[in-house]
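# Remarks on the overall topology
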Amino acid sequence: MSIIAFQGLTKAYKDVVAVKDLTANVEAGRITGFLGPNGAGKSTALKCLLSLATPTSGTALIRGAKYQDLVNPMKEVGAVIETGGFNPSLSGLKNLRIIAASAGIGDGRALEVLELVDLTDARNKKVKQYSLGMKQRLSLATAILGEPEILVLDEPANGLDPIGIAWLRDFLKKLTANGHSILISSHQLAEMQNTVDDVLIIHKGRLVTEGTMANVVGSGTLEEAFIRSVEASA
Ligand SMILES: Nc1ncnc2c1ncn2[C@@H]1O[C@H](COP(=O)(O)OP(=O)(O)OP(=O)(O)O)[C@@H](O)[C@H]1O
Ligand SMILES: [Mg+2]
């Protein structure tokens, strides 16, 4: 069953067409890797999916609806899209409590998710004193605050140390074992090859490859398949 559907999605910024006629599905209960070179249009497509950008034409829907029309978005879809959305003068805990309150999520959940992302010791530190990796963990904590079944993650491993990356890998595996659906963009192809079930590769705004990891990779590596796809569509 498809849980996320891009249908003829196009997004243009003045003279730059960032996403061109993207049609692709994300299946329920699986991890889908959303890959492509710098500037391929991944973040733009994910922003359209999360109603942070308005499509020029086409649609990007979650369970058949626009994100902006979901009744309780944080309980349906968790997102890591940019790490800049926090109040830098407040602690990580305070930031999470404000977001939880605005989404009707109980106060105790903020401490729970901080524990899950290993930020308990830093919970009372101001976010401006957080490192890049700590902000990334706080973004992940925000994404799971509402216990959503769907996660949309734009380069969530960015800034994480090796322990954080290993934690993220186990964390995502556990979520899909529980039936969660995850759409994740990343440039860490070796990591993706070990984590992801399905692959979407875009280049210059267009879908160039889609399939299961096994089909896309064949007997080689994901890096080889990626370079082949991108060069073939250049
Ligand atoms: N707000 C914007 N205004 C104008 N152009 C934009 C805007 N956002 C993105 N673009 C352009 O759209 C194209 C796609 O950018 P996007 O950020 O979606 O790529 P990406 O695949 O996420 O790249 P990366 O791997 O570097 O994160 C690029 O040419 C970029 O310059
Ligand atoms: Mg991006």
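Because the structure is a prediction, the values reported are computed rather than measured. Each chain has its residues counted from 1, following the order in which its sequence is written. Labels are handed out in written order, letters beginning with A for the chains and numbers beginning with 1 for the ligands. Where local features are concerned, this predicted model is filtered to residues with pLDDT of at least 70; where side-chain atom pairs are given and counted, the filter is 80 or more; whole-chain, interface and lining totals use all residues.

## Here's the deal with the overall build of the chain
What counts, and what does not: Elements are defined by DSSP. Helices are runs of H or I of four residues or more, strands are runs of E of two residues or more, and each kind is numbered from the N terminus. The globule rule is 2.2 Å times the number of residues to the power 0.38, and the radius of gyration it is compared with is taken over C-alpha atoms. Buried means a residue has 20 or more other C-beta atoms within 10 Å of its own C-beta, exposed means 12 or fewer, and partly exposed covers the counts in between; C-beta atoms are placed from the backbone.
What the chain contains, in helices and strands, is nine helices and nine strands. Here the chain has a C-alpha radius of gyration of 17 Å; the compact-globule value for 234 residues is 17 Å, and the two agree. With respect to the three principal axes, the spread of C-alpha positions in the chain is 50 × 35 × 35 Å. In the chain, which comprises 234 residues, the proportion classed as buried is 41%.

## Regarding the nonpolar core
The nonpolar side chains of a soluble globular protein tend to be buried, and buried together. What counts here: For our purposes the nonpolar core covers buried Ala, Val, Leu, Ile, Met, Phe, Trp, Tyr and Cys residues that link as a set through C-beta atoms within 7 Å. Any two residues are considered in contact once their C-beta atoms, placed from the backbone, lie within 7 Å.
Counting 61 residues, the largest nonpolar core has A45 and A141 as the members making the most contacts within it. Among the elements that make up this core, the one with the highest residue count is helix α5 (residues 132-144) (six residues). Setting aside chain neighbours within four positions, we find A45 in contact with F6, L9, V19, L22 and A60.

## Overview of the environment of I144
Position of I144 relative to the elements: it lies in helix α5. Classification of I144 by C-beta neighbours within 10 Å gives buried; the count is 20. I144 has contacts with G78, V113 and L116, leaving out every residue within four places of it along the chain.

## Considerations on the packing of helix α3 (residues 92-102) against helix α4 (residues 108-116)
The condition is simple: Orientation is described by lines fitted to C-alpha atoms, with helices fitted over the stretch in contact, and by angles between N-to-C directions that extend from 0 to 180 degrees. For classification purposes, an angle smaller than 35 degrees is called roughly parallel, one larger than 145 roughly antiparallel, one from 65 to 115 roughly perpendicular, and anything else oblique. With the far helix as reference, a near helix turned anticlockwise by less than a right angle produces a left-handed crossing, and one turned clockwise produces a right-handed crossing. Under the convention adopted here, Pro, Cys and the residues Ala, Val, Leu, Ile, Met, Phe, Trp and Tyr are nonpolar, Asp, Glu, Lys and Arg are charged, and Gly plus all remaining residues are polar.
Two numbers describe how α3 lies on α4: the axes approach to 9 Å, and their chain directions differ by 130 degrees. As the angle between them shows, α3 and α4 are arranged oblique. Seen along the crossing, α3 lies across α4 with a hand that is right-handed. Every residue of α4 that contacts α3 at G92, L93, L96, R97 and A100 is listed here: R109, A110, V113 and L114. Looking at the contact of α3 with α4, its residues break down into six nonpolar, one polar and two charged.

That's the geometry; what it means functionally is another story.
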